[in-house]
Amino acid sequence: PPSMAMPAQPAAITTSDATVGVDLPPSSASVAPQQMMPTPPLPTPPPTKTPKTPPPTVPPSPPPTNPPTSPPTTLPLTVGPTIMDLDDRASPPPTATPTTSLPTLLPSSSLSPTTETEAEWIRLIQSRSAASSPDLQQQQQEQFDDPTSPQRRALDWMLQDPFSLDISFENRLIQRYTVAVFWYATGGPTTWDTQNGGAGWVEDASSGSSLSECRWNDSLLICNDENQVISINLEGSGLSGTIPPEIGLLSATLQTLDLDFNNLSGTLPTELGQLTSLQWLDLDEGNDFRGTIPSEFGLMTALTDLNLSENTNLTGELPTQLSNLTNLRFLFLDGTQLSGSIPSNLCLSSLSIAYINCGDDDDAPKKIDCDCCSGSGGFPTSC
């Protein structure tokens, strides 16, 4: 009722800091809530929620930190982005195994790996050589045991040569060993003319000999597109010593062997007969080979040119096996002490020019018979 509203004011006592309520009649209790509504404490929570400092700080912090960690800039530079993108499992093995372990282990191999490599190479060389009899095998083993032999020196050089140690194909290893033995056996370290063919071979560090043998001297040691030696042309290059039997290890590829105008000596190795792809064999002028022509020369059925002229100490009769050289076009045997006869079937096949001793030369009293030869003087020039 309106008459009860006014007595409510003296019912409260005001102090300095707070208002204390006094026990009022039940009718005045409804007025107290109406006076308390204008100053509620509820407006204070909303102001504290509106600043929302966490949301502004949380969004900026994750974006800067997450992008640098998820796609790092250092990993693609060292490992490779493609390996990391394709498969994380593949990144450690492919990059570590083929690229780092193989190249570093081979050059840094010490006594143990070198010993194993040496034994493996010797077994390979012996298996490829023509040393089929116990006597020849024993001789070959003695050469490896002799530190001064061309075979031992070539093997020792290859065991210290990074390119040789990195070869993975047997044929390529045999080829490099063969030309290295040839270099040592023919005076490579001492008599070779470095101005005319000798530069760049084996121990010539100034020319980078630890390269492919096909790059030692690509005009005198010629390889095909498959890095197989097809021609050795060392005419007038200061060669001395002997032709090593290892030359036969190039049987599948060598087509030209031109060694005239040098100082080679000794006997003609029977292993030359293994060069079944050889087309040109030139050993004349200045060389001093002695003994007979091996019957194994008849195995060189691809031969088109054979020149043994002016080897005054070549003796004996021509082997009958020369009749197998049905592709032979040029034959030069003048200035020797050879005798016998040129097989008649060669006259009927391909032989077009032959220089031989007719027996009327005081310096070469031996006579080679040739039924189809004609010409003047001591050296008939046609067949």
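Criteria and thresholds
Residues numbered from 1 in each chain as written. Predicted model: local features only at pLDDT ≥ 70, side-chain atom pairs only at ≥ 80, totals over all residues. Heavy atoms only, no water. 1 Å grid on protein atoms, 1.4 Å probe; cavity = no way out; pocket = protein on both sides within 12 Å on 5 of 7 lines; lining within 4 Å. Points joined across faces, edges and corners; volume = space filled by probe spheres on them. Helix = DSSP H or I, 4+ residues; strand = E, 2+ residues; numbered from the N terminus. Nonpolar A, V, L, I, M, F, W, Y, C, P; charged D, E, K, R; others polar. Pairing = 2+ DSSP bridges. Salt bridge = Lys/Arg side-chain N within 4 Å of Asp/Glu carboxyl O. Buried < 20%, exposed > 50% of the residue type's maximum accessible area, 1.4 Å probe, protein only. pLDDT = per-residue confidence, 0-100. Contact = heavy atoms within 4.5 Å.

(A) Representation of the layout of surface pockets within the structure. Here the second largest pocket defines a volume of roughly 320 Å³. What lines the second largest pocket is a set of 14 residues, and nearest its centre among them are Asn-171, Arg-172, Gln-175, Gln-228 and Thr-253. Looking at which element gives the most residues to the lining of the second largest pocket, the answer is helix H12 (residues 170–185), with four residues. Tallied by class, the residues present in the lining of the second largest pocket amount to five nonpolar, six polar and three charged.

(B) Up close: the sheet that holds strand E15 (residues 368–369). Sheet architecture is open: six strands sit in the order E5-E7-E9-E11-E13-E15, paired in parallel fashion. Edge positions in the sheet fall to strand E5 (240–241) and E15, since each has one partner strand and no second. Pairing analysis gives three bridges linking strand E7 (residues 263–267) to strand E9 (residues 288–291), with the strands arranged parallel. Along E9, the bridge assignment pairs Gly-266 with Phe-289.

(C) View of the pattern of salt bridges. Counted by the stated rule, this structure contains eight salt bridges. For Arg-152, the salt bridge identified is with Asp-156, shortest N-O distance 2.7 Å. A residue pair is termed a helical-turn pair when its members lie 3 or 4 positions apart in one helix, as Arg-152 and Asp-156 do in helix H10 (residues 150–159) at four residues. Judged by its relative accessible area of 11%, Arg-152 falls in the buried class. The shortest N-O distance in the salt bridge between Asp-369 and Lys-367 comes to 3.8 Å. Looking at Lys-367, the relative accessible area reads 47%, which means it is partly exposed. Salt bridges sharing common partners tie together Asp-161, Arg-172, Arg-176 and Glu-213.

(D) Quick peek at the confidence of the model for the chain. Predicted confidence across the chain gives a mean pLDDT of 73, with 61% of residues reaching 70 or more. The least confident element of the chain, judged by mean pLDDT, is helix H6 (residues 81–86) at 32; the most confident is strand E6 (residues 256–258) at 98. Across residues 1–112 the pLDDT falls below 50, and counting only partners more than four positions away or on other chains, this stretch makes 31 contacts in the model. Across residues 376–383, confidence stays below pLDDT 50; counting only partners more than four residues off in sequence or on other chains, it has 34 contacts.

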